[in-house]
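A structural walkthrough
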Amino acid sequence: MNGKIYGLRIPNDSIGVGGGIWISQKYLDEVGFTYMENAIYTKEELEELFAQLKELYPDCYPLGQITSDNEFSTFSYYYDALLTIGSVSNIGYVDENEKLANLYESDQYWEFLSLMKHWYDTGYIYPDAAFTDASQLSLLQEGIILSVPFVSSPGFVSGPYGDDLVCLMTTRVTYGYDNSSRNVFWTVPETSEEPKAAMRFLNLMYTDERIVNLLQWGIEGIHYEFVDENEGIIAYPEGKDAQTAGYYNPLGLYGNQQLNYAMEGSPTRSEKQAYSELAEPFGWEYADFIFDSSEVSVELVNIQNVLSRYYPALESGGVDLETMYPQFVQELEDAGMSEVIALEQEQFDAWLKDQ
């Protein structure tokens, strides 16, 4: 901040994020659909797959677009990320003229809603997607839905979802600035009585695999055992779990997460590395811009309330867009969308002049 380093961020164990459809390899084999790792599948290819699955399983729904509990948009699961800045990325994006625009009035978002509507009307999406009390997981386990849309990062969909799931990537993998550098970081305070000693230990947390994993997992042979030491795969000792092993730290806060061991069943280091190598830089030129939203804090709350009410219905595909979409856009405007974007644009323009 202002050219000075005040703290050290926590590096993630993998880089980049994209969207995809997670589905059992079994279903792909049954319809003769060829899965290619790291390939990006078009909407047309997905629709062809859904049609084949619907024909084979007429009482099931190929796409698990379950939105009933969503307070976030699923747009990024299907479409490449739009360039966003500041702390309100769920509101605006930067167009080709470095002007902020309303995401929800963009051609891309309308295309997304229209696609969901088409897939819903064709019978690919669960009819009660916007209102069901059942979880996405339970619907998948019961065979009511056959896939789940989510981020394509290794390990985000695993465990109870099934061991044979593969990800049909729908977007490219990108990385920009990391919000963790602004909300989780380590510092040595001015009041430290031994700042040099503190810095030496901080250095160990970022460079020494033993220290990182001692703090994260405990002591080898007591709190965990190696399954594959080369890959850094561990498991709890026989007869023990996270609650009974004697040491449990659910927070990944200690140093370089790339040095962390992974619990058995989680993605390996090589899998994370392979995914990271797919990531393309995106939006770095605006990484240092910070939006001061204090003047529009009430508007931001009102906007989020509107979004939370409309996301489930609109993004399930189960509503009349010609009626509901204009209402949605108008309610966002009434909540203060234009005021927020105008203030951010003013600050953004000033920031650009200083670069």
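Attention in this report is confined to the structure presented alongside it. (Residues numbered from 1 in each chain as written. Predicted model: local features only at pLDDT ≥ 70, side-chain atom pairs only at ≥ 80, totals over all residues. Heavy atoms only, no water.)

1. Notes on the overall build of the protein chain
Let me state the cut-off plainly: Segments assigned H or I by DSSP are reported as helices when at least four residues long, segments assigned E as strands when at least two residues long, and all are numbered from the N terminus. In this setup the radius of gyration rests on C-alpha atoms only. A globule is expected at 2.2 Å times the number of residues raised to 0.38. When accessible area is computed with a 1.4 Å probe and restricted to protein chains, residues below 20% of their type maximum are described as buried, those above 50% as exposed, and intermediate ones as partly exposed. Residues are treated as being in contact if the distance between any of their heavy atoms lies within 4.5 Å. Only the protein chains shown count as cover for residues, with accessible areas throughout obtained via the Shrake-Rupley method and a probe of 1.4 Å. This count recognises Lys and Arg as positive and Asp and Glu as negative, with His and chain-terminal groups excluded. To locate a charge, the coordinates of NZ of Lys, CZ of Arg, CG of Asp or CD of Glu are taken.
Within the protein chain, the regular secondary structure consists of 11 helices and 12 strands. Taken over C-alpha atoms, the radius of gyration comes to 23 Å for the protein chain, in line with the 20 Å a tight globule of 355 residues would show. Expressed along its principal axes, the backbone C-alpha trace of the protein chain runs to roughly 65 × 55 × 35 Å. Across the 355 residues that make up the protein chain, the buried fraction comes to 45%. Counted over contacts in the protein chain with a minimum sequence separation of 6, partners at least 24 positions apart contribute 76%. Carbon and sulfur atoms make up 50% of the accessible area of the protein chain, which totals about 18800 Å². If the 17 positive side-chain charges of the protein chain are averaged to one point and the 58 negative ones to another, these points end up 9 Å apart.

2. Section: the sheet that holds strand E6 (residues 165-169)
Our working rule: Between any two strands, at least two bridges found by DSSP are needed for them to pair. To obtain an axis, a line is fitted to C-alpha atoms, over the contacting stretch when the element is a helix, and the angle between two such axes runs from 0 to 180 degrees between their N-to-C directions.
The strand order across the open sheet formed by 3 strands is E5-E2-E6, and the pairing between neighbours is antiparallel. Sheet topology places strand E5 (147-151) and E6 at the edges, where each strand pairs with a single neighbour. Strand after strand, the sheet turns through a mean of 35° between neighbouring axes, direction not considered. Bridge count for strand E2 (residues 19-24) against E6 is 5 bridges, and the pairing is antiparallel. In the strand pairing of E6, Ile-23 is matched with Val-166.

3. Overview of the pattern of salt bridges
For clarity, the threshold we go by: Any Lys or Arg side-chain nitrogen found within 4 Å of a carboxyl oxygen on Asp or Glu counts as a salt bridge.
Scanning the entire structure with this criterion turns up 5 salt bridges. Its salt-bridge partner being Glu-209, residue Arg-269 comes within 3.3 Å of it at the nearest N-O pair. Of this pair, Arg-269 sits in helix H8 (residues 269-276) while Glu-209 is found in helix H7 (residues 209-217), placing the two residues 60 residues apart along the sequence. When its relative accessible area of 26% is taken as the criterion, Arg-269 is described as partly exposed. With a shortest N-O distance of 2.6 Å, Glu-331 and Arg-309 are connected by a salt bridge. Of the two residues, Glu-331 sits in helix H10 (residues 321-335) while Arg-309 sits in helix H9 (residues 297-316), which places them 22 residues apart along the sequence. Residue Glu-331 is classed as partly exposed on the basis of its relative accessible area of 27%. Note on Arg-309: relative accessible area 51%, which makes it exposed.

4. Brief notes about the environment of Pro-267
Tracing the chain through its elements places Pro-267 in the loop between strand E11 (262-263) and H8. With 113 residues separating them in the primary sequence, Pro-267 and Pro-154 have C-alpha atoms 5.9 Å apart. Setting aside residues up to four positions removed in sequence, Pro-267 forms contacts with Pro-154, Gly-155, Ala-262 and Lys-272.

5. Things to note about the packing of helix H3 (residues 107-121) against H9
So the rule is basically this: Should an angle fall under 35 degrees it is taken as roughly parallel, and over 145 as roughly antiparallel, whereas 65 to 115 is taken as roughly perpendicular and any remaining angle as oblique.
At their nearest, the axes of H3 and H9 sit 7 Å apart, and the two run at 60° to each other. It follows that H3 is oblique to H9 by the angle criterion. Of the residues in H9, those in contact with Tyr-109, Phe-112, Leu-113, Met-116 and Tyr-120 of H3 are Tyr-311, Leu-314, Glu-315 and Ser-316.

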